[in-house]
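# Tertiary structure, described
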Amino acid sequence: FFFLSILEDTGYMARIAFVMDRPLRKIGLSGRSFVPMLIGFGCSVPAIMATRTVSSDRDRKMTIMLTPYMSCSAKIPIYSVFAAAFFPGHGALVMICLYFSGIVLSVLLALILKNTAFRGNPVPFVMELPNYRIPSPKSVALLLWEKAKDFLQRAFTVIFVATIIIWFLQSFDTRINPVEDSADSMLAAIGRFIAPIFKPLGFADWRVATALISGFTAKEAVVSTMSVLLNTSVSTLGGALSAMFTPLTAASFLAFTLLYTPCVAAVATIKREMNSTLATIGIVILQCVVAWLVALGVYHIGSLIVIIAVIALLVVLAIVSIRRQKKRGGCCGCSGCSGCCSQCEKSKDK
């Protein structure tokens, strides 16, 4: 909020929107949508709040729906742990692919929404470009307070309540008795119930489902919950995950965490900005369905690629073996070459 307030007070924000208007208009958005989506790489809550600057109701709703597909910084711990455990030495490449995948998917969804639920053209971009100026400390402080105050009042209270709920579900069983092991808690029971949903994606362990549920409070909680359920520290979590995931299923899991519903604070912000509970539920369901389908595609396409690679390797080995046999000048290639040669000499004599 502080740096955004500085950019806004210098007059540069308006120019960013002006420059990005032409490319965004091709996917059904206006230039004003660029700033909220850019903020989404930090946190979805201020990004969704920033859509208030979008003048058109159509463009604003589209921006709200697409902003959560930008990978927020809260997901970085998940990416880091899985990249280090299953793709050592390629962590940067994995993160780049995840961020780029979120952008590409948001563009594809924007094109779909443009031709279905949000038909029509964006509102013509008309904006007075302010002069460049040195930011005033007073105006920056006022902008910072206006934005941060709303965030603290809305997001913090929602996160606090959701954290208490998750703590309660993780600490008590169905008879409201305290549990010593989280595996006996209500949260674990819910995880076991929904675990079969993730079986087609390659990870049907109830502990994974439980961690995804806790990620609804904050995405960082996915890693900490897995650490608790696997009875290990976060620093050694990678070794424990190796028994639950393969590199392919880990890629599927990363694709799902990239795209599934944002934290409860972001959902509450969506409800407030959309002013509709039904629309908010629809957005959450849409994100979960899209995440499930993409993870399904990653898992099965990856499995197909592995099968094709194995078949190709076997074909190559067979071709190499045949060529080696031909180089032997017609010999049968068995281990008993001396016996074969003696038989050949007798046949020549006859």
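Residues numbered from 1 in each chain as written. Predicted model: local features only at pLDDT ≥ 70, side-chain atom pairs only at ≥ 80, totals over all residues. Heavy atoms only, no water.

## Describing the overall build of the protein
Selection rule: For helices the rule is a DSSP run of H or I covering at least 4 residues; for strands it is a run of E covering at least 2, with both sets numbered from the N terminus onward. Radius of gyration: C-alpha atoms only; globule rule: 2.2 Å multiplied by the number of residues to the exponent 0.38. Exposure categories follow from relative accessible area, calculated using a 1.4 Å probe and restricted to protein chains: below 20% of the type maximum is buried, above 50% is exposed, and the middle band is partly exposed. Using the Shrake-Rupley algorithm and a 1.4 Å probe, accessible areas are obtained, with residue cover drawn only from the displayed protein chains. Neither His nor the chain ends is counted toward charge; the positive residues are Lys and Arg and the negative residues Asp and Glu. A charge is said to be at NZ when it belongs to Lys, at CZ for Arg, at CG for Asp and at CD for Glu.
A count of helices and strands for the protein gives 16 helices and zero strands. The C-alpha radius of gyration of the protein comes to 28 Å, more than 25% above the 20 Å expected for a compact globule of 350 residues. Counting only C-alpha atoms and orienting by the principal axes, one finds that the protein spans roughly 110 × 60 × 40 Å. In the protein, which comprises 350 residues, the proportion classed as buried is 41%. Per element, the accessible surface of the protein, about 19200 Å² overall, is 68% carbon and sulfur. Distance from the positive charge centre (32 side chains) to the negative charge centre (17 side chains) of the protein: 10 Å.

## Side note on the packing of helix α10 (residues 206-214) against helix α11 (residues 221-229)
Note the cut-off: Whenever a helix is involved, its axis is fitted only over the stretch in contact; in every case the axis is a line through C-alpha atoms, and angles between N-to-C directions fall within 0 to 180 degrees. Should the near helix be turned anticlockwise from the far one by less than a right angle, the crossing is left-handed, and should it be turned clockwise, the crossing is right-handed. Pairs of residues are marked as contacts when any of their non-hydrogen atoms sit within 4.5 Å. All amino acids are sorted into three groups, where Ala, Val, Leu, Ile, Met, Phe, Trp, Tyr, Cys and Pro are nonpolar, Asp, Glu, Lys and Arg are charged, and the leftover types, Gly among them, are polar.
Where α10 meets α11, the closest approach of the two axes is 8 Å, and the angle between their N-to-C directions is 145 degrees. Considering the relative orientation of α10 and α11, their crossing is right-handed. Here Trp206, Arg207, Val208, Thr210, Ala211 and Ser214 of α10 come into contact with α11, specifically with Ala221, Val222, Thr225, Met226 and Leu229. Its residues assigned to classes, the contact of α10 with α11 shows seven nonpolar, three polar and one charged.

## A short note on a nonpolar patch on the surface
Filter applied, for reference: For patch detection, residues must exceed 30% relative accessible area and be free of salt bridges, and they are connected within 9 Å for like charges or within 5 Å for nonpolar side chains (Val, Leu, Ile, Met, Phe, Trp, Tyr). By salt bridge we mean one thing: a side-chain nitrogen of Lys or Arg within 4 Å of a carboxyl oxygen of Asp or Glu.
A grouping of Phe156, Phe160, Val161, Ile164, Ile165, Trp167, Phe168 and Ile176 is seen on the molecular surface, where their side chains present a nonpolar patch of about 820 Å² in accessible area. If you trace the backbone, Ile176 turns up in the loop between α8 (137-171) and α9 (186-194).

## Points about helix α1 (residues 2-10)
All of the buried residues in α1 are Leu4, Ser5, Asp9 and Thr10. Note on α1: the residue one or two positions beyond its end, Gly11, has a positive phi of about 95 degrees.

## Looking at the side chain of Ser252
What counts is decided by this rule: Whenever a nitrogen or oxygen atom comes within 3.5 Å of another N or O atom, the pair is scored as a polar contact, on the condition that within protein one atom can donate a hydrogen and the other can accept it, and that pairs from neighbouring residues in sequence are kept only if both atoms are in side chains.
By the element assignment, Ser252 lies in helix α13 (residues 247-259). Take Ser252: its relative accessible area is 0%, and that puts it in the buried class. A distance of 2.9 Å separates the side chain of Ser252 from the backbone oxygen of Leu201, its partner in a polar contact. Contacts of Ser252, omitting those with residues within four sequence positions, involve Leu201, Phe203, Ala295, Val298 and Tyr299.

## Points about the pattern of salt bridges
For the structure shown, the criterion picks out seven salt bridges. A salt bridge links Asp59 to Arg58, with the nearest nitrogen and oxygen atoms 2.6 Å apart. One exposure class covers both Asp59 and Arg58, and it is buried. The partner of Arg207 in a salt bridge is Asp205, and the shortest N-O contact between them spans 2.8 Å. Classification of Arg207 as partly exposed rests on a relative accessible area of 24%.

## Quick word on the state of the cysteines
For clarity, the threshold we go by: Defined by distance alone, a disulfide is two cysteine sulfur atoms within 2.5 Å.
Tallying each qualifying case throughout the model produces zero disulfides. Cys263 provides the cysteine sulfur closest to Cys43, a residue in no disulfide bond, and the two sulfurs are 6.1 Å apart. With no disulfide of its own, Cys97 lies 18 Å from the sulfur of Cys72, the closest cysteine sulfur. For Cys97, a relative accessible area of 41% gives the class partly exposed.

## With respect to helix α6 (residues 76-86)
Residues of α6 that are buried: Ile78, Tyr79, Val81, Phe82, Ala83 and Phe86. Contacts made by the buried residues of α6 are with α7 (91-114), α11, α12 (237-241) and α13.

## Description of the environment of Val161
Examined against the element boundaries, Val161 turns out to sit in helix α8. On the basis of relative accessible area, Val161 is assigned to the partly exposed category, the value being 48%. C-alpha separation for the pair Val161 and Ala250, spaced 89 residues apart in sequence, amounts to 31 Å.

## Comments concerning the confidence of the model for the protein
Operational definition: Confidence of the predictor in every single residue is expressed as pLDDT, which spans 0 to 100.
On average, residues of the protein score 82 in pLDDT, and 90% of them are at 70 or above. Across the protein, the secondary-structure element scoring lowest on mean pLDDT is helix α16 (residues 337-349), at 53, and the one scoring highest is α13, at 92.

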